[in-house]
Amino acid sequence: MNPLGLHEPGTSPLHRLGAGWKLLALLVFAVVTFVLSGPVALSACALAAALGYALAGIRLRRVWQLARVLLPLMAIVFALQWWMLDLARAETISLRLLATLAAANLFTLVTKVDDLVSSVERALTPFARFGIRPDRVGLLVGLTVQAIATLSTIATQVREAQRARGADRSLQAFAIPFLVRTLRHADDLGEALTARGLDDD
């Protein structure tokens, strides 16, 4: 099972909240995490995202699946940032990314993609007179949400291949295949959109 990006049915307040309001809340949360700095403030943001899972009634198994994907990625980001920058900025960047990705995943768990796309299209319909195409923007939002699930699937598959080769502790054995497969997926997606004429003006 893919731990990220799959809608989790439920009746919690987060499930019942409109998709547009949840998207707005996610955007505000992301802005807040990028404005704040320091491990204490960003740890509070990560804790707030964790409390969101409890409020939504997400099963512990799903939360554990998320942690198994996010924590290795955060370890890679932390190591690279520490190597290229310094420890303080590595902590800030890693916590910021952890909080944002956890909140984004929670959003996908409590929101159906179809509801989100429809909400975006409705909100942008009045702006069509200015040249904005609500259907294209809705498609972009839907693809972005689906990308979370796709990247997590790739990460999970690469980790499983690592274990099969006995290379669990190798950063290179994870990072290179993950990057190659991600770029390959991006190329395939671009070709599929082009074949449907979605790159035309």
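Residues numbered from 1 in each chain as written. Predicted model: local features only at pLDDT ≥ 70, side-chain atom pairs only at ≥ 80, totals over all residues. Heavy atoms only, no water.

**Quick notes on the confidence of the model for the protein chain**
- Taken as a whole, the protein chain shows an average pLDDT of 79; of its residues, 86% reach a score of 70 or greater.
- Least confident of the elements in the protein chain is helix H8 (residues 171-195), whose mean pLDDT is 73; most confident is helix H3 (residues 39-56), at 91. (pLDDT = per-residue confidence, 0-100. Helix = DSSP H or I, 4+ residues; strand = E, 2+ residues; numbered from the N terminus.)

**Quick word on the pattern of salt bridges**
- Tallied over the entire structure, the rule returns two salt bridges.
- For the salt bridge of arginine 59 with glutamate 8, the shortest nitrogen-to-oxygen distance reads 2.9 Å. Pair noted here: arginine 59 is in the loop between H3 and helix H4 (60-84) and glutamate 8 is in the segment before helix H1 (13-16), with a separation of 51 residues, a long-range link.
- Looking at arginine 59, the relative accessible area reads 42%, which means it is partly exposed.
- For arginine 89, the salt bridge goes to aspartate 86, with nearest N and O atoms at 3.0 Å.
- Arginine 89 gets classed as partly exposed once you look at its relative accessible area, which sits at 44%. (Salt bridge = Lys/Arg side-chain N within 4 Å of Asp/Glu carboxyl O. Buried < 20%, exposed > 50% of the residue type's maximum accessible area, 1.4 Å probe, protein only.)

**Section: the packing of H3 against helix H5 (residues 87-110)**
- Remark: H3 packs on H5, axes separated minimally by 9 Å, with the N-to-C direction vectors making an angle of 15 degrees. As the angle between them shows, H3 and H5 are arranged roughly parallel. You can see that H3 and H5 cross each other, and the crossing is left-handed. Contacts between H3 and H5 involve Pro39, Leu42, Ser43, Cys45, Ala46, Ala49, Gly52, Tyr53 and Ala56 from the first element and Glu91, Thr92, Leu95, Arg96, Ala99, Ala102, Ala103, Asn105, Leu106, Leu109 and Val110 from the second.
- Of the residues that constitute the contact of H3 with H5, the class distribution is 14 nonpolar, four polar and two charged. (Axes fitted to C-alpha atoms, helices over the stretch in contact; angles between N-to-C directions. Parallel < 35°, antiparallel > 145°, perpendicular 65-115°, else oblique. Left-handed = near helix turned anticlockwise from the far one by under 90°. Contact = heavy atoms within 4.5 Å. Nonpolar A, V, L, I, M, F, W, Y, C, P; charged D, E, K, R; others polar.)

**Here's the deal with the nonpolar core**
- Ranked by size, the top nonpolar core spans 23 residues in total, and within it Phe29, Tyr53, Ala56, Ile58, Leu106 and Leu116 carry the most contacts.
- Counting residues per element, the ones that place at least two in this core are helix H2 (19-35), H3, H4, H5, helix H6 (113-124) and helix H7 (134-165).
- Sorting elements by how many residues they give to this core places H5 first, with eight residues.
- Ignoring anything within four residues of it in the chain, the contact list for leucine 116 reads Ala19, Leu23, Phe107, Thr111, Val141 and Val145. (Core = buried A, V, L, I, M, F, W, Y, C linked by side-chain atoms within 4.5 Å.)

**A word on H3**
- When the terminal C-alpha atoms of H3 are compared, their 26 Å separation across 18 residues agrees well with the 26 Å that a helix rising 1.5 Å per residue should span.
- Listed in full, the buried residues belonging to H3 are Leu42, Cys45, Ala46, Ala49, Gly52, Tyr53 and Ala56. What you see down the axis of H3 is that its buried residues fit within an arc of 105 degrees, all on one side. Exposed positions of H3 whose direction lies more than 90 degrees from the buried face are Val40, Leu47, Leu51 and Ala54. (Expected span 1.5 Å × (residues − 1). Arc of directions from axis to C-beta.)

**Here's the deal with the side chain of lysine 22**
- Tracing the backbone through its elements, the reader meets lysine 22 in helix H2.
- Buried charge without a salt bridge: lysine 22, with aspartate 115 as the nearest opposite-charge side chain at an N-O distance of 6.8 Å.
- A distance of 3.1 Å separates a polar side-chain atom of lysine 22 from the backbone oxygen of leucine 14.
- Residues within four places of lysine 22 in sequence aside, it is in contact with Leu14, His15, Leu17, Phe107, Val110 and Thr111. (Lys, Arg positive; Asp, Glu negative; His and termini not counted. Polar contact = N/O pair within 3.5 Å; in protein donor to acceptor, adjacent residues only side chain to side chain.)

**A look at H2**
- Across its 17 residues, H2 extends 24 Å between first and last C-alpha, which sits within 8% of the 24 Å expected from 1.5 Å per residue.
- By the burial criterion, the buried members of H2 are Ala19, Lys22, Leu26, Phe29, Ala30 and Thr33. Projected onto a plane normal to the axis of H2, the buried residues spread over an arc of 100 degrees and lie on a single side. Exposed side chains of H2 directed beyond 90 degrees from the buried face belong to Trp21, Val31 and Val35.
- Of the surrounding secondary structure, the elements contacted by the buried residues of H2 are H1, H3, H5 and H6.

**Remarks on the environment of histidine 15**
- Within the secondary structure layout, histidine 15 lies in helix H1.
- When its relative accessible area of 12% is taken as the criterion, histidine 15 is described as buried.
- Leaving out residues up to four positions away in the same chain, histidine 15 has contacts with His7, Glu8, Pro9, Gly10, Lys22, Ala56, Leu109 and Val110.
- A distance of 2.6 Å separates the side chain of histidine 15 from the side chain of serine 12, its partner in a polar contact.

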